[in-house]
Amino acid sequence: MSVQQNIPNDLESFWIPFTPNRQFKRDPRILVAAKDMHYTSLDGRQILDGSAGLWCVNAGHTRKKIVEAIQQNAATLDFAPAFQFANPMAFELATRIAELTPDPLNRIFFTNSGSESVDTALKIALAYHRARGEGQRTRLIGRERGYHGVGFGGISVGGMVNNRNVFGTMLSGVDHLPHTHNLKANAFTNGQPETGAELADRLEDLCALHDPSTIAAVIVEPMAGSTGVLVPPKGYLDRLRAICDKHGILLIFDEVITGFGRLGTNFAAQRFGVTPDLMTMAKGLTNAAVPMGAVACREDIYDAFDQGADHAINLFHGYTYSAHPMACAAGIATLDVYKEEKLFDRVGELESYWGEQVHAVLDDARHVIDVRNIGLVAAIELAPRDGEPTKRGFEAMIKAFEKGGMVRISGDIIALSPPFIISKDQIDDLFKLVRDVLSEID
Ligand SMILES: Cc1ncc(COP(=O)(O)O)c(C=O)c1O
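Described below are features of the structure shown in this document. Quick caveat, the model's predicted, so the values are computed rather than measured. (Residues numbered from 1 in each chain as written. Predicted model: local features only at pLDDT ≥ 70, side-chain atom pairs only at ≥ 80, totals over all residues. Heavy atoms only, no water.)

### Brief notes about the overall build of the protein
Stated precisely, the cut-off is as follows: To qualify as a helix, a DSSP run of H or I must reach at least 4 residues; to qualify as a strand, a run of E must reach at least 2; elements of each kind are numbered from the N terminus. Here the radius of gyration uses the C-alpha set of atoms, whereas the globule reference equals 2.2 Å times the residue count to the power 0.38. Only protein chains enter the calculation, and the probe is 1.4 Å; a residue is then buried if its accessible area is under 20% of its type maximum, exposed if over 50%, and partly exposed in between. Between two residues, a contact is recorded if the distance between any of their heavy atoms is within 4.5 Å.
The helix and strand inventory of the protein stands at 15 helices and 15 strands. Its C-alpha atoms give the protein a radius of gyration of 22 Å, within 12% of the compact-globule value 22 Å for 442 residues. A buried classification covers 55% of the 442 residues belonging to the protein. Considering only contacts in the protein between residues 6 or more positions apart, those separated by 24 or more positions represent 73%.

### Section: the site of the ligand
Short version of the rule: Only heavy atoms are used to decide nearness, and a residue is near a molecule or strand if one of them lies within 4 Å of it. Pairs of N or O atoms are called polar contacts if they sit within 3.5 Å, as long as, within protein, a hydrogen donor faces a hydrogen acceptor (for residues adjacent in sequence, only side-chain-to-side-chain pairs). Each accessible area value is a Shrake-Rupley result obtained with a 1.4 Å probe; residue values ignore everything except the protein chains displayed when judging cover. Three classes are used, and their members are as follows: Ala, Val, Leu, Ile, Met, Phe, Trp, Tyr, Cys and Pro are nonpolar, Asp, Glu, Lys and Arg are charged, and the others, Gly among them, are polar.
Surrounding the ligand, one finds S113, G114, S115, Y147, H148, G149, E221, S226, D254, V256, I257 and K283. Between the ligand and G114 there is a distance of 2.8 Å, counted from an oxygen atom to a backbone nitrogen or oxygen. Measuring from an oxygen atom of the ligand, one finds a side-chain N or O atom of K283 at 2.9 Å. Burial of the ligand by the protein amounts to 83% of the accessible area it has alone, namely 390 Å². A class-by-class count of the residues in the shell around the ligand yields three nonpolar, six polar and three charged.

### Some remarks on the environment of I413
In this fold, I413 is placed in strand 15 (residues 413–416). Considering only alpha carbons, one finds I413 and P28, 385 residues apart in sequence, at a separation of 22 Å.

### Re the sheet that holds strand 14 (residues 408–410)
Note the cut-off: Two strands are said to pair when DSSP picks up at least two bridges between them. With axes taken as lines fitted to C-alpha atoms, and helix axes fitted only over the stretch in contact, angles between N-to-C directions fall between 0 and 180 degrees.
Across the sheet, which stays open at both edges, the four strands sit in the order 11-12-15-14 with antiparallel pairing between neighbours. Strands at the two margins of the open sheet, each flanked by one partner only, are strand 11 (368–374) and strand 14. Strand-to-strand twist of the sheet, defined as the mean angle between neighbouring strand axes without regard to direction, takes the value 20 degrees. As paired strands, strand 12 (residues 377–382) and strand 15 are joined by four bridges and run antiparallel to one another. Of the residues in strand 15, the one forming a bridge with I380 is I414. In the packing of helix 13 (residues 343–362) onto the sheet, the strands contacted are strand 11, strand 12 and strand 15, and the crossing angle to strand 11 comes to about 175 degrees. Where helix 15 (residues 424–440) meets the sheet, it contacts strand 11, strand 12 and strand 15, and its direction lies at approximately 165 degrees from that of strand 15.

### Details of the layout of surface pockets
Stated formally: Buriedness for pockets is judged along seven lines, at least five of which must meet protein on both sides within 12 Å for an open set on the 1 Å grid over protein atoms alone, while cavities are sets there where a 1.4 Å probe fits but cannot get out, and lining residues have an atom within 4 Å of a point. Grid points are joined across faces, edges and corners, and a volume is the space filled by probe spheres set on the points.
What the second largest pocket holds in volume is close to 1000 Å³. At the level of elements, helix 4 (88–100) and strand 4 (107–111) are the ones that each hand at least two residues to the lining of the second largest pocket. Sorting elements by how many residues they give to the lining of the second largest pocket places strand 4 first, with four residues. Residues belonging to the lining of the second largest pocket are distributed by class as follows: 21 nonpolar, eight polar and two charged.

### Considering the sheet that holds strand 13 (residues 405–406)
Sheet architecture is open: four strands sit in the order 1-2-3-13, paired in mixed fashion. Looking at strand neighbours, the two that pair on one side only are strand 1 (31–35) and strand 13, the edges of this open sheet. Sheet topology places strand 3 (residues 46–49) next to strand 13; two bridges connect them, and they run parallel. Counted as the bridge partner of L48 is G405 from strand 13.

### A short note on helix 14 (residues 391–402)
Going by this rule: The span one expects for a helix is its residue count, reduced by one, times 1.5 Å.
In a regular helix each residue adds 1.5 Å, so twelve residues correspond to 16 Å; helix 14 covers 17 Å between its end C-alpha atoms and thus fits that length. Among the residues of helix 14, R392, G393, A396, M397, I398, A400 and F401 are the ones counted as buried. One or two residues past the end of helix 14 sits G404, with phi positive at roughly 100 degrees.

### With respect to the environment of A69
With respect to the element layout, A69 can be found in helix 3 (residues 64–74). Under the relative-accessibility criterion, A69 is labelled buried at 17%. Ignoring sequence-local partners within four residues, the contact set of A69 consists of A329 and A333.

### Describing the packing of aromatic side chains
Put simply, the rule is: In this analysis, rings of Phe, Tyr and Trp, with Trp reduced to its six-membered ring, are considered paired at centre separations within 6.5 Å, and the interplanar angle assigns stacked below 30 degrees, edge-to-face beyond 60, and tilted for intermediate values. Geometrically, a charge over a ring is one whose NZ (Lys) or CZ (Arg) sits within 6 Å of the ring centre while staying within 35 degrees of the ring normal.
What the rule picks out here adds up to seven aromatic pairs. Where F260 meets Y338, the ring centres are 6.4 Å apart and the plane angle is 25 degrees; that geometry is what we call stacked. Placement of the pair is F260 in the loop between strand 8 (250–254) and helix 10 (268–272) and Y338 in helix 12 (residues 325–340), with a sequence separation of 78 residues. Of the two residues, F260 and Y338, neither departs from the other in class, the shared state being buried. Of note, R45 hangs over the ring of F401, and the distance from its end group to the ring centre comes to 5.1 Å. Its end group placed over the ring of Y302, R107 keeps NZ or CZ at 5.5 Å from the ring centre.

### Let's talk about the packing of helix 3 against helix 12
Our working rule: Orientation labels follow simple angle bins: below 35 degrees gives roughly parallel, above 145 gives roughly antiparallel, 65 to 115 gives roughly perpendicular, and whatever is left gives oblique. Rotating anticlockwise by less than a right angle from the far helix to the near helix defines a left-handed crossing, while the corresponding clockwise rotation defines a right-handed one.
Two elements in contact, helix 3 and helix 12, have axes separated by 8 Å at closest approach and are oriented at 155 degrees. What the angle tells us is that helix 3 and helix 12 run roughly antiparallel. Every pair of crossing elements has a handedness; the one defined by helix 3 and helix 12 is right-handed. Two secondary-structure elements touch here, helix 3 through K65, I66, A69, I70, N73 and A74 and helix 12 through P325, M326, A329, A330, A333, T334, D336, V337 and E340. Taken together, the residues of the contact of helix 3 with helix 12 break down into ten nonpolar, two polar and three charged.

### As for empty space enclosed by the protein
For the structure on display, the rule yields two cavities of 30 Å³ or more. The volume enclosed by the largest cavity comes to roughly 120 Å³. Partitioning the lining of the largest cavity into residue classes produces four nonpolar, six polar and two charged. Size it by volume and the second largest cavity reaches roughly 50 Å³.

Right, here's the structure in full:
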């Protein structure tokens, strides 16, 4: 399809998510094609993808094997219900995911997004306790600056203020741990910060406050992504795990961003050597070519639901599009590409170059108050402009696009997380582009 054919003539009807709509419709940033490391913009420019779309196109864009799997499947099995029926690819994909998750997280529930995965995991946690006769465990603990999608469960346990504060009612019985971001102690860290493991002990305080036998689950992103890349301090996740174990609380890792290689391992759980009880995923599962999410849970959690009569449904939960054949086909092909091209190992190999260069090029760039990184992720935190927080970050994103790069912003923090196929030259180009952008904005 030519670029010309894609030109929209009316921008009014589409309410664009998480976007200042008025500004966008005045000055749209429209993408019409993508291949490997680049988008093509409506005006025909090549845009270097510094954010893997929304942290999701891990293998690069429009990969042949994935495209063909989707095409072939679209003509073979358009839809099959996942309630009381199934398609064979759902079993294959679940088995393949279970090979990647840490044992014993080998039971896979399919959803269509990260938000749905989060709400699914929270519901499984609550229902699991009830199935075991601990129905009093109804409290959920999230963390400040956590992002767990946009469902009511996700925003309740989430800690990004703007995602919550105009929506009124949240789930009751939710509390939050403090976030781990400490610029004073940890600015310009390459990898995991040394300081902050003790922040996990605040979970003990919450246990004392609420009575630990009322707490069902703690949910955290092992590395918080959307809030601006908060890398867990050394030892922090181990301590959370130990406190959860002590009190019989389930630990949920939201791996929607960190899953599928972003930190050089299958999941962040393996990178940090801490195994949760439930794990959410989405994004990289299908290389974002078809929407899909999943929850991995411990085998014995699944078994706890498997106690009723033969005809009794064991979990009253699911989506029309759970395990959609097209998504399963895309997922299987995606996992093939990751494996054949050893893309998670490639992240591990690139990590030291990525980390050294991001600090070498950007630590002393204009406006920068912190640079932090892990795996193939980096954040460049800018000093907010006086009286106009988030505006400098926004302008940096616009300027980057004008200069041929896509970056992600969270307020005044620029987040970089390219596809794993990025070359060292492209890494250099990306960091130089950001440096140039910062030198040109006020
Ligand atoms: C950690 C985390 N959880 C959940 C979500 C929500 O995913 P989705 O936008 O697919 O609903 C995101 C999205 O960025 C995320 O980063």
